[in-house]
Amino acid sequence: MNLKCLLVDDEPPALEVLESHIGNVDGLEVIAKCHNAIQAFSVLQEKNIDLMFLDIKMPKLLGTDFLRTLRNPPKVIFTTAYRDYAVEGFELDAVDYLMKPISLERFLKAIAKVTKVESNLSSEEKKYQPNKDAFLYFRVDRKMVKVLTEDILYIESLKDYIKIFTTNDSKPLVVKQSMNALEEMLSETNFLRIHRSFIVSLSKIKAFTANHITIGSEELPIGRLYSHQISKALKTQI
């Protein structure tokens, strides 16, 4: 990872915090620091920027309005002291939304999301080739069980537990773990969240409609909020 960063904030202390955090991460480089959107626009015209840390509430032009003016914007992480702009920020496809004061821990989580986006973009440029050696360990009945990710058909959530259905076992593995945590673990593999209760292996999908995805003999529901990302992953309109 080698990302050229642009920092945009009208508050000098906020710029100092960001620059300090960036100094803790290899592969991040501060190309320029700007106090308003006008300065940032000039930098973007002259330099190649991979990632922009963009304050929202600035004089003359809001960061969200500035982003709308850009035809080919870099990846953006919004920074702000106001929660009211969160929904608007994500609607503009921001990678993340950081609330001030920004801790190093929260900053690192945002950078992890950026690297995930980079990885996904790279994988879309080449034909998917499953990694047959990838595996995860799960605690089942007081022992750690190894599961090859290629063997996973789908995962179903059940309150505080998840059920992992594989090609090798007639009964699912029942593990005490959150669905969100597992989704993070599977982020670099060929898996997709299709419903708040289901994650599926893309390579195991046999058929799909606007409402269901078929894996093996099972029809799994598609959640309304997940339709867009499913269409993108399957490269078709559902």
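In what follows, the accompanying structure is described. Within each chain, residue numbers correspond to sequence positions counted from 1 in written order. In view of the model being predicted, local features appear only for residues whose pLDDT reaches at least 70, and side-chain atom pairs are presented and counted only at 80 or more, with totals across whole chains, interfaces and linings using the full set of residues. Side-chain descriptors were evaluated using all non-hydrogen atoms of the structure, hydrogens and water having been removed beforehand.

1. Section: the sheet that holds strand β13 (residues 205-208)
Then comes step 1: Strand order in the open sheet made by the three strands is β13-β14-β15, with antiparallel pairing throughout. Two strands in the sheet have a free side with no partner beyond their single neighbour: β13 and β15 (218-221). With direction set aside, neighbouring strand axes in the sheet form an average angle of 30°.
Then comes step 2: Strands pair, by our definition, only if DSSP identifies at least two bridges between them. Put simply, DSSP H or I for four residues or longer makes a helix, DSSP E for two residues or longer makes a strand, and each gets a number counted from the N terminus. Relative to strand β14 (residues 212-215), β13 is paired through three bridges, and the arrangement is antiparallel. Residue Ile205 lies in a different strand from β14, and its bridge partner there is Ile215. With axes taken as lines fitted to C-alpha atoms, and helix axes fitted only over the stretch in contact, angles between N-to-C directions fall between 0 and 180 degrees.

2. Description of the nonpolar core
Then comes step 1: Ranked by internal contacts, the top residues of the largest apolar core, which has 20 residues, are Leu6, Val8, Leu44, Met52, Leu54, Phe66 and Phe78.
Then comes step 2: When residues of this core are traced back to their parent elements, those giving at least two are β1 (3-8), β2 (28-34), α2 (37-46), β3 (51-55), α3 (63-69) and β4 (75-80).
Then comes step 3: At four residues, the largest contribution of residues to this core is made by α2. Among buried residues, those of type Ala, Val, Leu, Ile, Met, Phe, Trp, Tyr and Cys that are joined through side-chain atoms within 4.5 Å constitute a nonpolar core. With a 1.4 Å probe rolled over the protein chains alone, any residue whose accessible area is under 20% of its type maximum counts as buried; one over 50% counts as exposed, and the rest are partly exposed.

3. Topic: the pattern of salt bridges
Any two side chains of opposite charge can pair, given that their charged atoms come close.
Then comes step 1: Any Lys or Arg side-chain nitrogen located within 4 Å of an Asp or Glu carboxyl oxygen qualifies as a salt bridge. All chains considered together, the criterion is met by eight salt bridges.
Then comes step 2: Linking Asp9 and Lys100 is a salt bridge whose minimum nitrogen-to-oxygen distance equals 2.7 Å. You can see Asp9 sitting in the loop between β1 and α1 (12-22) and its partner Lys100 sitting in the loop between β5 (96-99) and α5 (104-124), a full 91 residues away along the chain.
Then comes step 3: Residue classification places Asp9 among the buried residues on the basis of a relative accessible area of 0%.
Then comes step 4: Bridged by salt links that share partners, the residues Asp9, Glu11, Asp55 and Lys100 form one connected network.

4. Side note on a nonpolar patch on the surface
Then comes step 1: The patches described consist of residues with a relative accessible area above 30% and no salt bridge, like charges being joined within 9 Å and nonpolar side chains (Val, Leu, Ile, Met, Phe, Trp, Tyr) within 5 Å. All accessible-area figures derive from a Shrake-Rupley calculation using a 1.4 Å probe, and residue coverage is judged against the displayed protein chains alone. The grouping of Phe135, Tyr137, Met144 and Leu148 at the surface amounts to a nonpolar patch, some 380 Å² of accessible area in total.
Then comes step 2: At the level of elements, β6 (135-140) and β7 (143-148) are the ones that each hand at least two residues to the nonpolar patch.
Then comes step 3: Within the fold, Tyr137 resides in strand β6.

5. Some details on the pairing of β15
Within a regular strand, side chains alternate between the sheet's two faces.
Then comes step 1: Pairing of β14 with β15 involves four bridges; the strand directions are antiparallel. In the strand pairing of β15, Ile213 is matched with Leu220.

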